[in-house]
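Geometric and topological summary
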Amino acid sequence: MKALVYHGPGQRSWDSVDDPTIVDQTDIVVRVETSTICGSDLHILKGDVPETAAGTVLGHEAVGVVVEIGSSVGSVVVGDRVLLSCISSCGRCRYCKQARYGQCLGGGGWIFGHLIDGLQAEYARVPFADNSVFKVPEQLSDEQVLFLADILPTAYEVGVLNGRVAPGDVVAIVGAGPVGLAAILTAQLYTPGKIIAIDLADSRLQRALDFGAHSTINNGREDALAQVLELTDGNGADAALEAVGLPATFELACELIRPGGRVANIGVHGHSATLHLERLWTRDVTITTGLVDTSTIPQLLKLVADGRLDPTVFATHHFALDDTMAAYDVFADADHTDALKVVLSGSDVAVHVDPRLAAPAVA
Ligand SMILES: [Zn+2]
Ligand SMILES: [Zn+2]
């Protein structure tokens, strides 16, 4: 099969590699219908993720069709269309039993395209299938559910839920890239009074308005703290969601909240940030961090099925799976291409009947 293979910092190619097979009887093999690229794939390519070995197939978000199942898999059958989440769950460890799948101690967590071969490929081996995949409701398209694999639950769980966004709240969202926009979208499930988007790029701020933000602040030109105070009668925001991952944006988020407010960090940080305890210690604030668990995927799937959430707004560019190399170029140059998420589509099920689908199911 073909797959996007990481060959060390700065090096990727679309290679022929061995087809994946069942290794553990809790595995399934999926034919990837639709996949996408994530900011963390770019981090790996920059060399920021040393545990990812050269030779690993990248990608951790996809929708696919089950073509083979291990003997102990009971929740899906060959032919089922499933959403593959960025987080896998062993289902047995102390964290999985608390639905904290991101912290799995049993071999799950973020493994696709990180510690094992990932999903920017024609086929993928999916471990712990019973605990880790989600059947896609028949009426929903791949594109409607694809972004539930990562950015939507990330923004929702680590931002909106950790930040305890409540009806009427003023929510400041620092950073209006894909994850910040996903936070703007999912914060609206809680009817905040105001969503204030803060970013350095006017193009991203315009998109934030399109996604439902009420006010925007370009903190390259404007004093974000002064603006937020003005918009909140001098109080500050009830919740500030950090969706960038830089020391300056984390420190800004901590300045924007009112006493008793919540700072929810979503950004991926590579450097230490300063925590101004000398200013914060009397202010009753809560600061949270987190890796996504994807425990809210069933809830988000229902919202999409009921027409309450439309993730297709993230799909700005479409490519054939075979053109994944070109898709990387476009996604990595988002400042010029305005890409949010790219959709990589494999060959159509209807016109290309997979020989493995026609074969009898593995007992
Ligand atoms: Zn991702
Ligand atoms: Zn586990």
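Residues numbered from 1 in each chain as written. Chains lettered and ligands numbered in written order. Predicted model: local features only at pLDDT ≥ 70, side-chain atom pairs only at ≥ 80, totals over all residues. Heavy atoms only, no water.

Right, let's get into the overall build of the protein chain. In terms of helices and strands, the protein chain carries 14 helices and 15 strands. In terms of C-alpha radius of gyration, the protein chain reaches 21 Å, essentially the compact-globule figure of 21 Å for 363 residues. Across its three principal directions, the C-alpha atoms of the protein chain cover 65 × 40 × 40 Å. A burial count over the protein chain gives 52% of its 363 residues as buried. For the protein chain, contacts bridging at least 24 residues in sequence account for 70% of all contacts bridging at least 6. When the accessible surface of the protein chain is split by element, carbon and sulfur atoms take 51% of a total near 15400 Å². (Helix = DSSP H or I, 4+ residues; strand = E, 2+ residues; numbered from the N terminus. Rg over C-alpha atoms; globule rule 2.2 N^0.38 Å. Buried < 20%, exposed > 50% of the residue type's maximum accessible area, 1.4 Å probe, protein only. Contact = heavy atoms within 4.5 Å. Areas by Shrake-Rupley, 256 points an atom, 1.4 Å probe, with all protein chains shown as cover.)

Time to look at a nonpolar patch on the surface. On the surface, Leu 275, Leu 277, Trp 281 and Ile 287 cluster together to form a nonpolar patch covering roughly 440 Å² of accessible area. Residue placement: Leu 277 occurs in helix H10 (residues 277-280). Residue Leu 277 is classed as exposed on the basis of its relative accessible area, which comes to 51%. (Patch = residues over 30% accessible without salt bridge, like charges linked within 9 Å, V, L, I, M, F, W, Y side chains within 5 Å. Salt bridge = Lys/Arg side-chain N within 4 Å of Asp/Glu carboxyl O.)

If you look at the biggest cluster of nonpolar residues, it comprises 50 residues, and the most contacted ones within it are Leu 83, Phe 147, Leu 152, Leu 181, Ile 184, Leu 241 and Phe 314. Mapped by element, the contributors of at least two residues to this core are helix H5 (151-161), strand E8 (170-174), helix H6 (178-187), strand E9 (194-199), helix H7 (202-211), strand E11 (237-242) and helix H11 (297-305). Looking at this core, you find at least three residues from each of domain 1 (2-150 + 294-357) and domain 2 (153-288). Within the second largest apolar cluster, 18 residues are counted, among which are Ile 198, Val 228, Leu 252 and Ile 257. (Core = buried A, V, L, I, M, F, W, Y, C linked by side-chain atoms within 4.5 Å. Domains from an automatic or database assignment.)

Segmenting the protein chain into domains produces domain 1 (2-150 + 294-357) and domain 2 (153-288). Residue-level contacts link 19 residues of domain 1 with 14 residues of domain 2. Interface area for domain 1 against domain 2, summed over the two sides, is near 1400 Å², with a carbon-plus-sulfur share of 65%. Along the contact surface separating domain 1 from domain 2 lie two salt bridges. A salt bridge links Arg 207 to Asp 338, with the shortest nitrogen-to-oxygen separation between them at 3.8 Å. There are six residue pairs in polar contact (both at pLDDT 80 or more) connecting domain 1 and domain 2. (Buried area = accessible area lost by both parts, 1.4 Å probe. Polar contact = N/O pair within 3.5 Å; in protein donor to acceptor, adjacent residues only side chain to side chain.)

Here we take up the coordination of the zinc ion (ligand 1). Coordination of the zinc ion (ligand 1) by the protein involves Cys 38 (SG), His 60 (NE2) and Asp 150 (OD), with metal-donor separations of 1.7 to 2.1 Å. Read in sequence order, the donor residues coordinating the zinc ion (ligand 1) give the pattern C-x21-H-x89-D. In this pair, Cys 38 is assigned in the loop between strand E3 (28-35) and helix H1 (39-46) and Asp 150 in the loop between helix H4 (142-145) and H5, connecting sequence segments 112 residues apart. Here Cys 38 falls in the buried class, since its relative accessible area comes to 8%. (Donors = N, O, S within 2.8 Å, 3.2 Å for Na, K, Ca; no water.)

In the predicted model, the protein chain carries a mean pLDDT of 95, and the fraction of residues at 70 or more is 96%. Per-residue pLDDT stays below 50 along residues 349-363; that stretch engages in 21 contacts with residues further than four places along the chain or on separate chains. (pLDDT = per-residue confidence, 0-100.)

Moving on, we come to the side chain of Asn 265. Topologically, Asn 265 is positioned in strand E12 (residues 257-265). We classify Asn 265 as buried; its relative accessible area is 8%. Only 3.0 Å separates the side chain of Asn 265 from the backbone oxygen of Gly 267, close enough to count as a polar contact. Among all residues touching Asn 265, those that are not within four sequence positions of it are Val 158, Glu 242, Phe 250, Thr 288, Thr 289 and Gly 290.

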